[in-house]
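# A closer look at the structure
Spelled out from the first residue to the last, the chains are:
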Amino acid sequence: MHVIATAGHVDHGKSTLVRALTGIEPDRWAEERRRGMTIDLGYAWTTLASGAEVAFVDVPGHQRFIGNMLAGLGPAPAVLLVVAADEGWRPQSAEHLAAVDALGISRGLVVVTRSDLADPRPALAEALAHVGRTSLAGSAALAVSARTGQGIEALRVALDDLVASLPAPDRTGRTRLWVDRSFSVRGSGTVVTGTLGAGTIRLGDELVVHRTTGASQSVTVRGLQSLGRTRDEVPAVARVAVNLRGVGVDEVTRGDALLAPRAWHVTTTLDARLVGAGGDEHDPVDSDPLPSHVMVHLGTLAVEARVRPLGPGAVRLALPASLPVVGGDRILLRDPGSRHVVGAVVVDADPPVLDRRGSAARRAEVVRGLDGAPDLAREVARRGWMTPADAVSLGIPVPPGERPAATVTRRGAWLVDDGAWLAAANRLHAAVQRRADAAPIDPVLALEAARAAAGAPDRALVADLAVAAGLEVRDGRVGLPGRAAVLASGPEAALGRIEERLRRSPFTAPEQHELDAAGLGPRELAAAEGNGRILRLPGDVVLLPNAPALAMRQLAALPQPFTTSDARKALDSTRRIVIPLLEHLDRRGWTRRLDGSHREVAR
């Protein structure tokens, strides 16, 4: 199927032309038929001689319904620009063409209607002159009369040629259906319609309704129709009606999106490059500056956004809620006051923070150089690392293999920029070296500390980063290579000997001169204590961490209460060690001091 929207001035015969081509009345409302004027979107379809099916989205031409017109035009890949022979080029002709150009729609036909009422040649010439300066330049043009049928068959042939030139749709892509209608069918429930531009919707699919408020809700596809026929699946491009389970008809409206779950990045901030006539880069000298607030149109979505000019031809837009917008989306910026429209290409839906002097101007240079096409190497380089799922949600395809891009390596669950990897390895090595210099008794980093020092997003990357940095990972810790050999005769070896002695005699703490001779000064002892290898008590008493528990076993066996002398004999130690140890036990509440010379074990 192919989808084509109409465009043109009010009362130039758009709906009449669609009716002549399809035999279907596109004006759905009695008010439209009574007034002879399209107010909302209309829909009709036909089959061409080639067998191609074409669905038409008929848009209103009156300036009061510009929002409805853009909702119909936005998702359409092609357009019929309609001009009446007896009236010629009119204000809404220009306004609709400006919207077509701003949206970058480059496939279409120029159709002069009512050729039975006036010579169509002046209108054709004038229309082509206007069209030649826009994205529709080079489009075929012809004159018809829907009343007499003159030129209708030629138009059907031209439509066949037009749809044959349209690019092949991406039917395996991510689903994003911009909703243009929501209604309820008795016995079926909520139905939404829209133009499916990519992907395929199937019966039973789990999808997400993402609202213009930023809220989302899971739904199930319980029924599908396209061109009036029930379907099990509908591939892009297509007009489709989707019967949804899990959402009320008043909970989904025009501008909401039906999305594949967990497949779309949502954003409140985006950077866009402005484009001018014919899709050329916007020339800020020849254009009016944008107001501080504009209406942003994408698909059927229309929301007000705050504009931050970055520099000539580049803007940052702040959206009112998180919305599924990605790089490459063509958007239209409209000033509601002047009705001035400007086209723009979203080049970054996850832009960097601008918090330094001059950062906006520098960002403008980057934005002007981007075309919105997703580039894996560029996006990974900017972030350093990202998951494949995050890349896909931003519209960035991820090729298979260990090297999905020239400067990107797949490392576990992450895509990592080569430069970022080298910088992280250098940071990790520097951090371990600083640790070794500051704490020679324990010159290693735990995995989480190593991850933080490297700036890596995941602890699972630390082992490979350590290898890249020339470090060793042992027992969940990262250290310099050859650590055991380097420290065999240093503080580590001395601490090991003291630990071994305390394991044999738990209360024979080393004297200060022994610690000094072993090179165990305050820094080394603090590192050993922080690592849980020793317990330090006042008076430079060094014991093993389990010494208090071992002491309690001996003290509990004494007649209660007991004296300091009793404790010294039971522990086979000295007053220098026993007194600070008993005071430590008092503080922990394991023993209780009764008077100046007696204590008891707390029961």
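Before reading further, recall that the structure is shown in the block above.
If you're wondering where the values come from, they're calculated on a predicted model, not measured in any experiment.

## Here's the deal with the overall build of the protein chain
For the protein chain, the count of helices and strands is 19 helices and 32 strands. Relative to the 2.2 N^0.38 estimate, which gives 25 Å for 603 residues, the radius of gyration of the protein chain is 38 Å and therefore markedly larger than a compact globule would have. A principal-axis box enclosing the C-alpha atoms of the protein chain has dimensions of 125 × 55 × 45 Å. Among the 603 residues that make up the protein chain, the fraction classed as buried is 50%. Restricting to contacts in the protein chain with at least 6 residues of sequence separation, those with at least 24 account for 66%. When the accessible area of the protein chain is evaluated, it comes to approximately 26500 Å², of which 51% is carbon and sulfur surface.

## Considering the sheet that holds strand 18 (residues 301-311)
Ordered by their spatial adjacency, six strands build a closed barrel running 16-19-18-17-20-21, and the pairing between neighbours is antiparallel. With strand direction ignored, the average angle separating the axes of adjacent strands in the sheet is 45°. Here strand 17 (residues 293-298) pairs with strand 20 (residues 330-334) via three bridges, running antiparallel. Residue pairing in the sheet places histidine 297 in a bridge with leucine 332 of strand 20. Together, strand 16 (267-275), strand 18, strand 19 (314-323) and strand 21 (341-348) form the strand contacts of helix 7 (residues 359-368), whose direction differs from that of strand 18 by roughly 115°.

## What to know about the pairing of strand 17
Burial runs high along strand 17: five of the six residues are buried. As paired elements, strand 17 and strand 18 share six bridges and run antiparallel to each other. What sits directly across from methionine 295, in strand 18, is glutamate 304. Joining the antiparallel neighbours strand 17 and strand 18 is a turn of two residues, in which glycine 299 adopts a positive phi near 60°.

## Observations regarding the pattern of salt bridges
By the definition in use, this model includes 30 salt bridges. The residue arginine 378 makes a salt bridge to glutamate 379 at a minimum N-O spacing of 3.4 Å. According to the relative accessible area criterion, glutamate 379 is buried, its value standing at 7%. Arginine 599 is the partner of aspartate 586 in a salt bridge, and the nearest nitrogen-oxygen pair spans 2.9 Å. Here aspartate 586, found in helix 19 (residues 575-588), pairs with arginine 599, found in strand 32 (residues 598-601); they are 13 residues apart in sequence, far enough to count as distant. Taking the relative accessible area as the measure of exposure, arginine 599 reaches 7% and is therefore buried. Connected through salt bridges with shared partners, the residues Asp271, Arg316, Asp348, Asp350, Arg363, Arg378, Glu379, Arg382 and Arg383 form a single ionic network.

## Regarding the sheet that holds strand 31 (residues 591-593)
Here we have three strands laid out as an open sheet, ordered 30-32-31, and antiparallel in their pairing. Two strands close off the open sheet at either side, each with one partner strand: strand 30 (562-563) and strand 31. As judged from the two bridges shared by strand 30 and strand 32, these two strands associate in the antiparallel manner. By the bridge assignment, phenylalanine 562 is partnered in strand 32 with arginine 599.

## A few points about helix 14 (residues 491-504)
For helix 14, spanning 14 residues, the distance from its first C-alpha to its last is 20 Å, which sits close to the expected 20 Å at 1.5 Å a residue. Inspection of helix 14 places Pro491, Glu492, Ala493, Ala494, Leu495, Ile498, Glu499 and Leu502 among the buried residues, and these make up the whole buried set.

## Describing the environment of alanine 360
Within the secondary structure, alanine 360 sits in helix 7. For alanine 360, a relative accessible area of 16% corresponds to the buried category. Expressed as a C-alpha distance, the spacing of alanine 360 and glutamate 600, which sit 240 residues apart in the sequence, is 72 Å. Beyond its immediate stretch of four places on either side in the chain, alanine 360 contacts Arg308, Leu310 and Leu354.

What counts, and at which threshold
- Residues numbered from 1 in each chain as written.
- Predicted model: local features only at pLDDT ≥ 70, side-chain atom pairs only at ≥ 80, totals over all residues.
- Heavy atoms only, no water.
- Helix = DSSP H or I, 4+ residues; strand = E, 2+ residues; numbered from the N terminus.
- Rg over C-alpha atoms; globule rule 2.2 N^0.38 Å.
- Buried < 20%, exposed > 50% of the residue type's maximum accessible area, 1.4 Å probe, protein only.
- Contact = heavy atoms within 4.5 Å.
- Areas by Shrake-Rupley, 256 points an atom, 1.4 Å probe, with all protein chains shown as cover.
- Pairing = 2+ DSSP bridges.
- Axes fitted to C-alpha atoms, helices over the stretch in contact; angles between N-to-C directions.
- Salt bridge = Lys/Arg side-chain N within 4 Å of Asp/Glu carboxyl O.
- Expected span 1.5 Å × (residues − 1).

Any link to function would need more than the numbers given here.
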